[in-house]
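Secondary and tertiary structure notes
So you can see what is in the structure, the chains are spelled out below.
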Amino acid sequence: MFDYRNDEQHNHYIYLRNPKSLYTVKDCQYQDSRYAQYISDLERELETLRNLRQENFQRMQYLYSLMYTPMVKLRRERRGLRDGKVFYYLEEWKVYEDSTVKPEQISRKEYPGTARRQAISDFHAYVKSHPGIQAEMDIEKGRWER
């Protein structure tokens, strides 16, 4: 399971027949064997789901116990090619010590392009009020904007 991808889809199609529409013993025996096969397939899937729940719980415990460092980012983003509106984002992040775990965004504040100075001063104030925090400022114009 999960040999080539991180997700899988399992579909089970069950063809049911009304027992009153079965007219021979052979048909009833055949349907009974099909129903028994359906039951065993679904029981196997239920066992797989129970195991996945257990693995999921263990992963959740690991993620809860994982250490992180706080980080603040100020970044510039230009939206749209025609109107070219610029926005600044002041974001707080949790950066986990395990690099396979994605950083988690805690909060985000948006500034219009005209409030650039305010965004920069808020960034510096935040860094000053949280000594030792990782800080990243990316407000340079992109290569394609020059």
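One structure accompanies this document, and this report is about it. Fair warning: this is a prediction, and the values are worked out from it, not measured in the lab.

Considerations on the overall build of the protein chain
For the protein chain, the helix and strand inventory stands at 2 helices and 4 strands. When the helices and strands of the protein chain are read in sequence order from the N terminus, they spell out α-β-β-β-α-β. Relative to the globule expectation of 15 Å for 146 residues, the C-alpha radius of gyration of the protein chain, 28 Å, shows a markedly less compact shape. In terms of its C-alpha atoms, the protein chain occupies a principal-axis envelope of roughly 85 × 45 × 25 Å. For the protein chain, the residues scored as buried account for 21% of the 146 residues in total. Within the protein chain, contacts between residues separated by at least 24 positions form 47% of all contacts whose residues are at least 6 apart in sequence. Carbon together with sulfur atoms contributes 51% to the accessible area of the protein chain, which is approximately 12200 Å² in total. Once the 26 positive and 23 negative side-chain charges of the protein chain are each reduced to a mean point, those two points are 8 Å apart.

Quick word on the nonpolar core
With 13 residues, the main nonpolar core has Val 72, Leu 74, Tyr 88, Leu 90 and Tyr 111 as its most contacted residues. A per-element tally of this core places helix H2 (residues 116-129) first, with 4 residues.

Topic: the pattern of salt bridges
Counted by the stated rule, this structure contains 7 salt bridges. Across the pair Arg 79 and Glu 77 runs a salt bridge whose closest N-O atoms are separated by 3.5 Å. Given the relative accessible area of 34%, Arg 79 is considered partly exposed. On the basis of relative accessibility, which here comes to 26%, the residue Glu 77 falls in the partly exposed class. Between Arg 79 and Glu 110 there is a salt bridge, and its shortest N-O distance comes to 3.4 Å. In this pair, Arg 79 is assigned in strand E1 (residues 68-79) and Glu 110 in strand E3 (residues 104-112), connecting sequence segments 31 residues apart. On the basis of relative accessible area, Glu 110 is assigned to the partly exposed category, the value being 42%. Each of Arg 75, Glu 77, Arg 79, Glu 91 and Glu 110 takes part in salt bridges that share partners, so that together they form one network.

What counts, and at which threshold
Residues numbered from 1 in each chain as written. Predicted model: local features only at pLDDT ≥ 70, side-chain atom pairs only at ≥ 80, totals over all residues. Heavy atoms only, no water. Helix = DSSP H or I, 4+ residues; strand = E, 2+ residues; numbered from the N terminus. Rg over C-alpha atoms; globule rule 2.2 N^0.38 Å. Buried < 20%, exposed > 50% of the residue type's maximum accessible area, 1.4 Å probe, protein only. Contact = heavy atoms within 4.5 Å. Areas by Shrake-Rupley, 256 points an atom, 1.4 Å probe, with all protein chains shown as cover. Lys, Arg positive; Asp, Glu negative; His and termini not counted. Charge placed at Lys NZ, Arg CZ, Asp CG, Glu CD. Core = buried A, V, L, I, M, F, W, Y, C linked by side-chain atoms within 4.5 Å. Salt bridge = Lys/Arg side-chain N within 4 Å of Asp/Glu carboxyl O.

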